[in-house]
Amino acid sequence: MLELTAILKEHGLKVTPQRLSIFKMLRNTCIHPSAETIYKALQEEHPTMSLATVYKTLDTFVQHGLVQQLNLGEDSYRYDADTSEHSHVQCINCKSVVDLPPLKHISDLRDEVHESTGFALSHEQLYFYGTCVKCQNANHS
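Quick caveat: nothing in here was measured; it's all calculated off a predicted structure.

Novice: What am I meant to see in the overall build of the chain here?
Specialist: Tallying secondary structure elements over the chain gives 6 helices and 5 strands in all. Tracing the chain from N to C terminus, the helices and strands come up as α-α-α-α-β-β-β-β-α-β-α. Seen through its principal axes, the chain has C-alpha atoms that stretch 50 × 45 × 25 Å. Split into buried and exposed, the 141 residues of the chain put 32% on the buried side. Once local pairs closer than 6 in sequence are excluded, the contacts in the chain between residues at least 24 apart make up 45%. As displayed, the chain has an accessible area near 9100 Å², and 54% of this comes from carbon and sulfur atoms. Here the chain contributes 12 positive and 17 negative side-chain charges, whose respective centroids are spaced 9 Å apart.

The following block contains the structure:
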């Protein structure tokens, strides 16, 4: 917890129990939760914390580069504490989201986008969609 406290302080953020809990949850999960999922998971630990507090905290974390916000075409954003450049794949059945390792040809894609648009790219977020192994196996049972 001291490491998380230090990270928040390094970014000039006030350290509160709610912020620590939200940050800890995001750092210790790979499910890419929504604000609502985080709120429900932490309700027992922080019964007075509002959903608005969760949203405000997540916005602050995104602004400070501590987490990334994923727009997977759902009704709400998902959040990922892994801020390294990487892509995601989502199961169209169970909605699980998985991190992809760095893609080999991403620099070729960046070059192609730059050449066709003239944009000076700062970053990208790529999302792939399909059916995960678990759902594939369930459909074949």
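Once the structure has been displayed, the description carries forward.
Novice: Which parts of the structure should I look at to understand helix α2 (residues 17-27)?
Specialist: Residue pairs spaced three or four apart in an α-helix point in one direction, given the helix's 3.6 residues per turn. If you check which residues of α2 are buried, you get Arg19, Leu20, Ser21, Ile22, Phe23, Met25 and Leu26. Tucked inside the fold, the buried residues of α2 contact α1 (2-10), α3 (35-42), α4 (51-63) and β2 (78-80).

Novice: Whenever I open this one, the environment of Thr53 confuses me. Can you help?
Specialist: Within the element layout of this structure, Thr53 appears in helix α4. For Thr53, a relative accessible area of 29% translates into the label partly exposed. Between the alpha carbons of Thr53 and Gln125 there is a distance of 26 Å; along the sequence they are 72 residues apart.

Novice: Help me understand α3, please; the structure alone is not making it clear to me.
Specialist: Those residues of α3 lying buried are Ala35, Ile38 and Leu42. For α3, the buried positions fall inside an angular range of 65° around the axis, keeping them on one side. Each element contacted by the buried residues of α3 is listed here: α2, α4 and β2.

Novice: What am I meant to see in the side chain of His88 here?
Specialist: For His88, the location among the structural elements is in strand β3 (residues 88-91). The contact partners of His88, leaving out residues within four places of it in the chain, are His32, Gln68, Leu70, Asp80, Val97, Val98, Asp99, Leu100, Leu126, Tyr127 and Phe128.

Novice: Where do I start with the environment of Asn28 in this structure?
Specialist: Following the sequence through the fold, Asn28 ends up in the loop between α2 and α3. The sequence separation of Asn28 and Ala81 amounts to 53 residues, and the corresponding C-alpha distance is 8.6 Å. A polar contact of 2.9 Å, which involves the side chain of Asn28, links it to the backbone oxygen of Lys24.

Novice: Help me out: how do you make sense of the nonpolar core in this one?
Specialist: Note that soluble globular proteins tend to have their nonpolar side chains buried in a common cluster. The biggest cluster of nonpolar side chains holds 20 residues, and the ones touching the most others in it are Ile22, Leu26, Ile38, Leu58 and Phe61. Looking at this core element by element, the count peaks at 5 residues for α2. Beyond its immediate sequence surroundings of up to four residues, Ile22 is in contact with Ile38, Leu42, Met49, Val54, Thr57, Leu58 and Phe61.

Quick notes on the rules
- Residues numbered from 1 in each chain as written.
- Predicted model: local features only at pLDDT ≥ 70, side-chain atom pairs only at ≥ 80, totals over all residues.
- Heavy atoms only, no water.
- Helix = DSSP H or I, 4+ residues; strand = E, 2+ residues; numbered from the N terminus.
- Buried < 20%, exposed > 50% of the residue type's maximum accessible area, 1.4 Å probe, protein only.
- Contact = heavy atoms within 4.5 Å.
- Areas by Shrake-Rupley, 256 points an atom, 1.4 Å probe, with all protein chains shown as cover.
- Lys, Arg positive; Asp, Glu negative; His and termini not counted.
- Charge placed at Lys NZ, Arg CZ, Asp CG, Glu CD.
- Arc of directions from axis to C-beta.
- Polar contact = N/O pair within 3.5 Å; in protein donor to acceptor, adjacent residues only side chain to side chain.
- Core = buried A, V, L, I, M, F, W, Y, C linked by side-chain atoms within 4.5 Å.

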